[in-house]
Amino acid sequence: MRLLFLLLPILLLPTAVLAEKELMFPSEDGVVIVADFYASKKPATEKTLIILFHQAGSSRGEYRKIAPRLAQLGYDALAIDQRSGKIFDGVENKTAIQVNVGYNHIKALPDMRAAINYGRKVLGAERIILWGSSYSASLSLVLAGQQSIDVDGVLSFSPGEYFRGKLFVKKAAPNISVPVFITSARSEQKQWQTIFNNISAAKTGFVPKGAGKHGSSALLSQDSGEYWQAVLLFMNKHFSID
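Keep in mind that this is a model prediction, so the values were computed, not measured.

**Student:** Quick question: what am I supposed to make of the overall build of the protein chain here?
**Tutor:** Scanning the protein chain from N- to C-terminus turns up eight helices and 10 strands. Its C-alpha atoms give the protein chain a radius of gyration of 16 Å, near enough to 18 Å, the size a compact globule of 242 residues would have. By its C-alpha atoms, the protein chain is 50 × 40 × 35 Å across when sized along the principal axes. For the protein chain, the residues scored as buried account for 56% of the 242 residues in total. Look at the contacts in the protein chain between residues 6 or more apart in sequence, and 72% of them connect residues 24 or more apart. For the protein chain, the exposed area adds up to about 10600 Å²; of that, 53% sits on carbon and sulfur atoms. In the protein chain, 27 positive and 20 negative side-chain charges are present, and the distance between their average locations comes to 5 Å.

So this is what it looks like as structure tokens:
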């Protein structure tokens, strides 16, 4: 019953809410990253920021219907345009316009690291959670496995070994020491099972009963209810908002 009570405000929110604020900050090489910031709608004893990374060919627009719901739950959310991307639901990727690297996804790492740094130093986040979709779901896990990267958790939607032998997520997985949530479309479980098995930290794997959908768009699919329920259980367990 308590979980249902928590889900109700999510399911009753408007289907589309514009970002509260558009931000710009430099990537590690000076490229200007454009991002949408959604401020928490609840007071919290520990300021928690979820950094939202989009999938291939996409933009920060991937989170226009997801981030407001996270803010309603009490989390700040920052959805960025990585340089590998294009457009989502009419929202153009403004970072990729400057220096589009096509589908060379690894080149988005400087943007992702810069977002983490910006979250700590400028937005004042005490806890940072990475949220990735498809290729960025994989890169989020890789970053979490690096000792030099200071993050507190990862939600990874449809990760896989997408980098043609140039980078292996399964090799980074054993070094992850923060809580991890992994999910995908039902048919994609085999793509991330080995990665999941290699993680020794606290972890949750979720396979939907329905067909689901690839990437973060799973939360916008006809099976969105069961995905949101799984996400809430993970967040309440590891990153509750008091």
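**Student:** Explanation requested: the packing of helix α4 (residues 109–121) against helix α5 (residues 135–144) in the structure shown.
**Tutor:** In helix packing, the relevant descriptors are the interaxial angle and the interaxial distance, both defined with respect to the helix axes. At their nearest, the axes of α4 and α5 sit 11 Å apart, and the two run at 60 degrees to each other. In this view, α4 runs oblique relative to α5, as classed from their interaxial angle. Regarding α4 and α5, the two cross each other, and that crossing is right-handed. Each of L109, M112, R113 and I116 in α4 lies in contact with α5, whose residues at this interface are S136, L139, S140 and L143. Classifying every residue of the contact of α4 with α5 by side-chain character gives five nonpolar, two polar and one charged.

**Student:** Please clarify how the sheet that holds strand β7 (residues 127–133) should be interpreted in this entry.
**Tutor:** Strand order across the open sheet formed by eight strands is β1-β2-β4-β3-β7-β8-β9-β10, with mixed pairing between neighbours. With partners counted over all chains shown, the strands left at the sheet margins are β1 (21–26) and β10 (203–206), one partner each. The sheet shows a mean angle of 20 degrees between the axes of neighbouring strands, taken without regard to direction. For strand β9 (residues 180–183) and β10, the ladder comprises four bridges, and the chain directions are parallel. From the neighbouring strand, V180 faces β10, where its bridge partner is K203.

**Student:** I'm lost on unusual backbone geometry in this one. Help?
**Tutor:** Excluding glycine, a negative phi dihedral is what most residues carry, and trans is how most peptide bonds are arranged. Positive phi values are uncommon outside glycine, yet S134 reaches one of about 60 degrees. Residue position: S134 is located in the loop between β7 and α5. By relative accessible area, which is 8% here, S134 ends up buried. In this model, R164 sits at a positive phi of 55 degrees, which is unusual for a non-glycine residue. Of note, R164 is situated in the loop between β8 (153–157) and α6 (169–172). For R164, a relative accessible area of 82% gives the class exposed.

**Student:** Got a minute to help me understand the environment of K121 in this structure?
**Tutor:** Looking at the element boundaries, K121 is found in helix α4. Taking the C-alpha atoms as reference, K121 lies 38 Å from R186; in sequence the two are 65 residues apart.

**Student:** Whenever I open this one, the nonpolar core confuses me. Can you help?
**Tutor:** Generally speaking, nonpolar side chains in soluble globular proteins are found buried as a group. Of all hydrophobic cores here, the largest spans 43 residues; its most connected members are F25, I51, L78, I80 and L130. In contact with I80, not counting residues within four places along its chain, are F25, I33, V34, A35, I51, L52, F53, H54, R60, D111 and A115. The next biggest cluster of nonpolar side chains, apart from the first, holds 28 residues, and it includes L70, L73, W131 and F239.

**Student:** Which parts of the structure should I look at to understand the packing of aromatic side chains?
**Tutor:** Summed over the entire model, instances satisfying the criterion amount to eight aromatic pairs. Arranged with centres 6.5 Å apart and planes meeting at 90 degrees, the rings of Y63 and W131 form a pair that is edge-to-face. Taken together, the residues Y63 in the loop between β3 (48–53) and α2 (67–73) and W131 in strand β7 connect sequence positions 68 residues apart. Classification of Y63 by relative accessible area gives buried; the value is 0%. With 6.0 Å between their ring centres and 55 degrees between their planes, F157 and F181 make a pair best called tilted. With F157 in strand β8 and F181 in strand β9, this residue pair connects regions lying 24 residues apart in the sequence. Residue classification places F181 among the buried positions, given a relative accessible area of 0%.

Calculation rules
Residues numbered from 1 in each chain as written. Predicted model: local features only at pLDDT ≥ 70, side-chain atom pairs only at ≥ 80, totals over all residues. Heavy atoms only, no water. Helix = DSSP H or I, 4+ residues; strand = E, 2+ residues; numbered from the N terminus. Rg over C-alpha atoms; globule rule 2.2 N^0.38 Å. Buried < 20%, exposed > 50% of the residue type's maximum accessible area, 1.4 Å probe, protein only. Contact = heavy atoms within 4.5 Å. Areas by Shrake-Rupley, 256 points an atom, 1.4 Å probe, with all protein chains shown as cover. Lys, Arg positive; Asp, Glu negative; His and termini not counted. Charge placed at Lys NZ, Arg CZ, Asp CG, Glu CD. Axes fitted to C-alpha atoms, helices over the stretch in contact; angles between N-to-C directions. Parallel < 35°, antiparallel > 145°, perpendicular 65-115°, else oblique. Left-handed = near helix turned anticlockwise from the far one by under 90°. Nonpolar A, V, L, I, M, F, W, Y, C, P; charged D, E, K, R; others polar. Pairing = 2+ DSSP bridges. Core = buried A, V, L, I, M, F, W, Y, C linked by side-chain atoms within 4.5 Å. Phe/Tyr/Trp six-rings, centres within 6.5 Å; stacked < 30°, edge-to-face > 60°.

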